[in-house]
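Coordinates in review
Residues per chain, in single letters:
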2 protein chains.
Amino acid sequence: MSRIAYFGPQGTFTEQAARRLASGEELIPAETIPAALAAVRSGAAGAACVPIENSVEGAVTATLDSLSEAEPLVAVAEVLLPVHFSVLTRPGTTEIRTVASHPHALAQVRHWVEANLPGAHPVATSSTAAAAVAVAEGEFDAAVTAPVAVEHYPLEVRATEVADVRDAKTRFLLVRAPGELPEPTGADRTSIVAAATNRTGALAELLTELAVRGINLTKLDARPTRNNFGEYRFFIDFEGHVAEPRIGDALAALRRRCRNVRFLGSHPRADNGTTEIEPGAANEDFTDAIDWVQSVRKGAQA
Amino acid sequence: MSRIAYFGPQGTFTEQAARRLASGEELIPAETIPAALAAVRSGAAGAACVPIENSVEGAVTATLDSLSEAEPLVAVAEVLLPVHFSVLTRPGTTEIRTVASHPHALAQVRHWVEANLPGAHPVATSSTAAAAVAVAEGEFDAAVTAPVAVEHYPLEVRATEVADVRDAKTRFLLVRAPGELPEPTGADRTSIVAAATNRTGALAELLTELAVRGINLTKLDARPTRNNFGEYRFFIDFEGHVAEPRIGDALAALRRRCRNVRFLGSHPRADNGTTEIEPGAANEDFTDAIDWVQSVRKGAQA
């Protein structure tokens, strides 16, 4: 059994995701996303489960920033969880002046809170479950949490399904130190982070390296490098697996073009998306083409 | 004198920015970024001042999302302000259990708070100045604010220059309803938001329309459309002014290519950046080329 660090404490959405991605493993809560990833880098955990993207609030920037710093880590699996929020209070609470939760959760229930708890102050905690702990301890009046949190803390449910947008989903990753990669399945996702050189057309050229190979982009996020205003790192997700010739060919091109490129993993997609491959961009096309060039070089073909 | 809504209350960084961008005008605080923009859309204010980007925390997503929704607004000016944070408390405060501020500010002082106020809870407020108000009212123990806030509230300075990253800057926009645009200066920025069609290469092609015209991208942010997971809007800033033939030519191409494109403004850059134009991509090159095509059509040239 290996130890899996997750962005905890118990009762967070990330714990639910970790149970799905690493069922039967020992789960160890970490207080922040960087701490969960640091546990893998230090060897204290064999893997970590962290949120990467939400359908309403967008990229989880703490995860992106942590993945681009320090020792490289690679994602080996992902899971999509529907997001449901409940509001929990201590039994007998009558007045709600503060509503605590993770900032991503607060952003997703803002309209509900304004309409139903007018005047209540949103309070940012390090996780949805940390909000439940703080409410249980009397520090704040209400917590916005995963529905499961009520099973872990002495609180009662005041409201359920309080998310402003129905059908919101969050995607979570299981990340490890570089090592054996998951097998390609035909419906995979590959992630990289790259610093394009700072000149006209650099990002267009980088994305064109994917486009000309028929590789479909699934996500692109820019994050400041924190050194100079106007310098960014690009987090790019696309369909395919690094083990495939077509993807390997694209990654080699990005490696040539970018000041800096880091592989963040290849793993099966959780969204049931299919990978459509254009004529001329299949793996056989790439291997046949290389074979042909070799024949030409030997004088065997022309 | 016109009325300028800003993301307030008094004592925020945005108030400082509004004083720089609209000196002498009547400034009206709004409680949130969407509220400041709504005041312009309803005609209650002639313009609004909002933050758009921070060198450490990246895009201000509330501003991006609000600019892409409801009635179009256009940015007519920008200002860059260095970010300095102070910690304010009520006089005589000994124990600090809660540290309140805007989430962007909390993220930028996280290491300082962990090192200097261990165990203190970060509490998200709607602005840095709202944190000062809440501390003055005894709701929380400490506020992370702009240094100027101490002049507005009965608080004392506990620490100054507490930002984790030195030399952080925030860029602010002055936005109006569409109307007369600022004159081109030769060092301008144009902003758009576009929804690329969802197929392989769509974003690469869109950015290539800028690159092939020698137009330098200065920022790109993806935000989820909130409808389907994996659908994004792209906020794109580039050098140049819509009044220039080369920029107009590029915008017309984007208009053809995108499901949806909205102009967000052309205005002078505040970063003293110069716009370098490649051979063949100057405004005269574009007008000469159009003249030549017209001559060819008339049979006057070939």
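These numbers were taken from a predicted model, which means no experiment stands behind them.

Focus: the overall build of chain A
Helix and strand counts for chain A stand at 9 helices and 15 strands. With the C-alpha coordinates of chain A rotated into their principal frame, the extents come out at 85 × 45 × 35 Å. Within chain A, counting contacts between residues at least 6 apart in sequence, those at least 24 apart form 75% of the total. Total accessible area on chain A is roughly 12,900 Å²; 49% of this is exposed by carbon and sulfur atoms.

Some remarks on the environment of Phe234 of chain A
All names here are of chain A. Within the fold, Phe234 resides in strand β14 (residues 232-239). Spatially, the C-alpha atoms of Phe234 and Glu114 are 35 Å apart, while their sequence positions differ by 120 residues. Residues in contact with Phe234, not counting those within four places in the same chain, are Ile192, Val193, Ala194, Ala196, Leu203, Leu220, Asp221 and Ala222.

Regarding the domain arrangement of chain A
Segmenting chain A into domains produces domain 1 (86-160) and domain 2 (181-302). Distance from the C-alpha centre of domain 1 of chain A to the C-alpha centre of domain 2 of chain A: 43 Å.

Overview of the interface of chain A and chain B
At the junction of the two partners, chain A supplies 40 residues and chain B supplies 40 residues. Between chain A and chain B lies a buried interface of about 3,600 Å² when both sides are counted; carbon and sulfur atoms form 59% of it. Of all residues in chain A, Thr200, Arg226 and Phe229 of chain A bury the most surface against chain B, accounting for 19% of the area lost on that side. If you look at where chain A meets chain B, you find 2 salt bridges. The residue Arg97 of chain A makes a salt bridge to Glu139 of chain B at a minimum N-O spacing of 3.9 Å. At the boundary of chain A and chain B, one finds 5 residue pairs in polar contact (both at pLDDT 80 or more). Secondary structure elements with two or more residues in the side of chain A that touches chain B: β3 (47-54), β8 (121-124), β11 (169-176), α7 (202-211) and β13 (217-224) of chain A. Counting residues per element, the side of chain A that touches chain B draws most heavily on β13 of chain A, at 8 residues. Among the residues forming the side of chain A that touches chain B, the class breakdown is 18 nonpolar, 10 polar and 12 charged.

A word on the pattern of salt bridges
Residue and element names in this part refer to chain A. Tallied over the entire structure, the rule returns 40 salt bridges over all chains. Between Arg171 and Glu78 there is a salt bridge, and its shortest N-O distance comes to 2.8 Å. Remark: Glu78 occurs in strand β5 (residues 74-82) and Arg171 occurs in strand β11; sequence separation between them is 93 residues. Take Arg171 and Glu78: they sit in the same class, and that class is buried. Here the salt bridges share partners, and the residues they tie into one network are Glu53, Glu78, Arg171, Arg189, Asp237, Glu239, Arg269 and Asp271.

Structural notes on the relation of the copies chain A and chain B
Mapping chain A onto chain B calls for a rotation angle of 180 degrees and an axial translation of 0.0 Å; the resulting RMSD is 0.0 Å. Viewed as a symmetry operation, the transformation between the two copies matches a two-fold axis. The fraction of interface residues of chain A whose copies in chain B are also interface residues reaches 100%, indicating that both copies meet through the same surface.

Here we look at the nonpolar core
By size, the foremost hydrophobic cluster in this structure holds 45 residues, and its most contacted members are Leu207 and Ile236 of chain A together with Leu207 and Ile236 of chain B. Of the residues forming this core, the biggest block, 7 residues, is contributed by α7 of chain A. When residues no more than four places from it in sequence are discounted, the contact partners of Leu207 of chain A are Leu217, Leu220 and Ile236 of chain A together with Leu203, Ala204 and Leu207 of chain B. The next biggest cluster of nonpolar side chains, apart from the first, holds 36 residues, and it includes Val74, Ala77, Val109 and Ala159 of chain A.

What about the UniProt feature "site: Essential for prephenate dehydratase activity" (unreviewed entry) in chain A?
All names here are of chain A. The sites that UniProt annotates as "site: Essential for prephenate dehydratase activity" (unreviewed entry) are Thr170. Here Thr170 is to be found in strand β11. Excluding anything up to four places from it in sequence, Thr170 contacts Pro51, Glu53, Asn54, Val79, Leu80, Leu81 and Val83. Polar contacts involving the side chain of Thr170 include one to the side chain of Asn54, which spans 2.8 Å.

With respect to the environment of Ala194 of chain A
Residues and elements named next belong to chain A. You can see Ala194 is positioned in strand β12 (residues 188-195). In this structure Ala194 comes out as buried when scored by relative accessible area, which is 1%. Residues in contact with Ala194, not counting those within four places in the same chain, are Leu206, Arg233, Phe234, Cys258, Asn260 and Val261.

What to know about the sheet that holds strand β6 (residues 86-89) of chain A
Residue and element names in this part refer to chain A. Pairing within the open sheet is mixed, and its 5 strands lie in the order β8-β7-β9-β6-β10. What marks the edges here is a single partner per strand, and that holds for β8 and β10 (156-160). Direction aside, the axes of adjacent strands within the sheet are offset by 30 degrees on average. Bridge count between strand β7 (residues 98-101) and strand β9 (residues 142-145): 2 bridges; the pairing is parallel. If you follow Val99 over to β9, its bridge partner there is Ala142. Packed on one face of the sheet, helix α6 (residues 128-136) meets β6, β7 and β9 and runs near 160 degrees to β9.

Quick look at the packing of helix α8 (residues 245-257) of chain A against helix α9 (residues 283-298) of chain A
All names here are of chain A. Across the interface, α8 lies against α9 with an axial gap of 7 Å and an inter-helix angle of 70 degrees. Classified by the angle their axes make, α8 and α9 are roughly perpendicular. Across the interface between the two elements, Pro245, Arg246 and Asp249 of α8 pack against Asn283, Phe286 and Thr287 of α9. Its residues assigned to classes, the contact of α8 with α9 shows 2 nonpolar, 2 polar and 2 charged.

Procedures and definitions
- Residues numbered from 1 in each chain as written.
- Chains lettered and ligands numbered in written order.
- Predicted model: local features only at pLDDT ≥ 70, side-chain atom pairs only at ≥ 80, totals over all residues.
- Heavy atoms only, no water.
- Helix = DSSP H or I, 4+ residues; strand = E, 2+ residues; numbered from the N terminus.
- Contact = heavy atoms within 4.5 Å.
- Areas by Shrake-Rupley, 256 points an atom, 1.4 Å probe, with all protein chains shown as cover.
- Domains from an automatic or database assignment.
- Buried area = accessible area lost by both parts, 1.4 Å probe.
- Salt bridge = Lys/Arg side-chain N within 4 Å of Asp/Glu carboxyl O.
- Polar contact = N/O pair within 3.5 Å; in protein donor to acceptor, adjacent residues only side chain to side chain.
- Nonpolar A, V, L, I, M, F, W, Y, C, P; charged D, E, K, R; others polar.
- Buried < 20%, exposed > 50% of the residue type's maximum accessible area, 1.4 Å probe, protein only.
- Least-squares fit on C-alpha atoms with pLDDT ≥ 70 in both.
- Core = buried A, V, L, I, M, F, W, Y, C linked by side-chain atoms within 4.5 Å.
- UniProt positions renumbered as here; feature names shortened; annotations may be inferred.
- Pairing = 2+ DSSP bridges.
- Axes fitted to C-alpha atoms, helices over the stretch in contact; angles between N-to-C directions.
- Parallel < 35°, antiparallel > 145°, perpendicular 65-115°, else oblique.

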